[in-house]
Amino acid sequence: MTLTELRYIVAVARERHFGRAAASCFVSQPTLSVAVKKLEDELGVTLFERSAGDVTLTPIGERIVEQSQAVLEEVQVIKQLAEQGKDPLAGPLRLGMIYTISPYLLPHLIPALRERAPQMQILLEENYTSRLAEMLKQGEIDVAIVAEPFHESGIVTQAVYDEPFVVATPKGHAWERQDVVDSEQLSEENVLLLSPGNCFRDHVLQTCPDLNRESVSAGSSLQRTLQGSSLTTIRHMVAGGIGVTVLPITSVTTADDALLTIRPFAEPVPTRRVVLAWRKNFPRAAAVGAVRQAVLAAPLPGVEYLPEATASA
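Residues numbered from 1 in each chain as written. Predicted model: local features only at pLDDT ≥ 70, side-chain atom pairs only at ≥ 80, totals over all residues. Heavy atoms only, no water.

A. Region of the structure containing the overall build of the protein. If you tally the helices and strands in the protein, you get 10 helices and 12 strands. Reported as C-alpha extents along the three principal axes, the dimensions of the protein are approximately 75 × 50 × 30 Å. Across the 313 residues that make up the protein, the buried fraction comes to 47%. Excluding contacts between residues fewer than 6 apart, the proportion of contacts in the protein whose partners are at least 24 apart in sequence is 75%. As presented, the protein carries roughly 15100 Å² of accessible surface, and 53% of it is formed by carbon and sulfur atoms. One finds the centroid of the 28 positive side-chain charges in the protein at a distance of 5 Å from the centroid of its 37 negative side-chain charges. (Helix = DSSP H or I, 4+ residues; strand = E, 2+ residues; numbered from the N terminus. Buried < 20%, exposed > 50% of the residue type's maximum accessible area, 1.4 Å probe, protein only. Contact = heavy atoms within 4.5 Å. Areas by Shrake-Rupley, 256 points an atom, 1.4 Å probe, with all protein chains shown as cover. Lys, Arg positive; Asp, Glu negative; His and termini not counted. Charge placed at Lys NZ, Arg CZ, Asp CG, Glu CD.)

B. Focus on unusual backbone geometry. A cis geometry characterises the amide bond from E148 onward to P149, with omega recorded as 5°. Here P149 lies in the loop between β5 (143–147) and β6 (155–170). In this structure, the amide linkage connecting E267 to the following residue, P268, adopts the cis form with an omega of -5°. By the secondary structure assignment, P268 is in the loop between β10 (260–264) and β11 (271–279).

C. How the structure looks around the side chain of R235. Structurally, the position occupied by R235 is in helix α9 (residues 231–239). Residue classification places R235 among the buried positions, given a relative accessible area of 12%. Among the polar contacts made by the side chain of R235, one reaches the main-chain carbonyl oxygen of S251 at a distance of 3.0 Å. (Polar contact = N/O pair within 3.5 Å; in protein donor to acceptor, adjacent residues only side chain to side chain.)

D. Molecular detail of helix α5 (residues 102–116). Here α5 contains 15 residues, and its C-alpha end-to-end distance of 19 Å stays within 8% of the 21 Å for a straight helix at 1.5 Å per residue. L109 marks where α5 bends most, by close to 30°; the proline P111 follows one to four residues later. Taken together, the buried positions of α5 are occupied by S102, Y104, L105, L106, L109, A112 and L113. Summarising the contacts, the buried residues of α5 are in contact with β3 (93–98), β4 (122–127), β5, α9 and α10 (285–297). (Expected span 1.5 Å × (residues − 1). Bend = angle between axes of the 7 residues up to and from the residue.)

E. Inspection of the pattern of salt bridges at higher detail. Applying the stated criterion across every chain, the model contains 13 salt bridges. With a shortest N-O distance of 2.8 Å, K37 and D41 are connected by a salt bridge. Taken together, the residues span about one helical turn, with K37 and D41 both in helix α3 (residues 29–43) at a distance of four residues. A salt bridge links E140 to R131; its shortest N-O distance comes to 3.2 Å. Given the relative accessible area of 24%, E140 is considered partly exposed. Using a relative accessible area of 23% as the deciding quantity, one classes R131 as partly exposed. (Salt bridge = Lys/Arg side-chain N within 4 Å of Asp/Glu carboxyl O.)

F. Examining the pairing of β4 more closely. Two elements, β3 and β4, share six bridges in a ladder whose sense is parallel. By the bridge assignment, I98 is partnered in β4 with N127. A crossover links β3 with its parallel partner β4, the connecting element being α5, and its sense is right-handed. (Pairing = 2+ DSSP bridges. Right-handed = clockwise from strand over helix to strand, strands pointing away.)

G. Spatial organisation of the packing of α5 against α10. One can describe the packing of α5 onto α10 by two numbers: an axis separation of 8 Å at closest approach and a directional angle of 130°. The pairing of α5 with α10 is recorded here as oblique in orientation. As α5 packs across α10, the resulting crossing turns out to be right-handed. Contacts between α5 and α10 involve L105, L109, A112, L113 and R116 from the former and A290, V291, Q293, A294, V295 and A297 from the latter. (Axes fitted to C-alpha atoms, helices over the stretch in contact; angles between N-to-C directions. Parallel < 35°, antiparallel > 145°, perpendicular 65-115°, else oblique. Left-handed = near helix turned anticlockwise from the far one by under 90°.)

H. Up close: helix α7 (residues 199–207). The buried fraction of α7 amounts to seven of the nine residues, a majority that puts the element mostly inside the structure. What α7 keeps buried is the set C199, F200, R201, H203, V204, L205 and T207.

I. Focus on the environment of R14. Secondary-structure assignment places R14 in helix α1 (residues 3–15). On a C-alpha basis, the gap between R14 and N281 in space is 22 Å, while along the polypeptide they are 267 residues apart. With sequence-adjacent residues up to four places away left out, R14 is seen in contact with S24, R131, E134, Q138 and E140.

Now the structure itself:
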């Protein structure tokens, strides 16, 4: 039994497909399949049920894959402990970030980290919250910057800032004459949302639950089809007069002034809490601290920093 074989079965369990698992491990499918079969023969059990186009774990396979993942994580801890013995701020740090934070935080974060930890190479991963949670638990990334709610077994979080939301409308919209917009007014408009899977979409739907309600009206039918893959795309759609949207305040730029009208929400202003997340057994506490200090030093407009927030499991 080798660590490589354990990596292969964890990959197959994750991908539910031998070809994709092989690609994720950067080996050929025959190489991976032979290694998995060799491990099954050595253990004397079948780990995967194979059928055309489908791979499922057997009950004993589930337990063995779970233990294999724990072994691989402990091996990673050993490597990181060795690196920490040299310098916790040296070597690569794998940092994950959700799509609605990374474009606005990274231009400030990377220079600040280079200044605080010049020997620490930052490997970046942009993804959805659910995928980053998986990658954290599997040891594929070391630290993630996500928005609450984020509750995962074995993961520690620490708040860094609260970010208010604002409303964006096309120029000439009636809400230009308002100082603030009430969240209930959103149900009167075609609201552009991020596509499913983005946690910011869920935040907007919590702000105005009426957007979730089914309706046979033409307006509501159109509303449900207005989705974008990024906040940048949605801003352009709003500028084109299709509807209105809700944005995190850090995404609002001076370029928006020419095309959009930005208005704050009436009290209570909807916000999201941005947190750092890392595994409980991650040994490079100084690296996590460097990331936190770099985030707190970022000149993000409109956010409320939380320098005294404590970590919680």
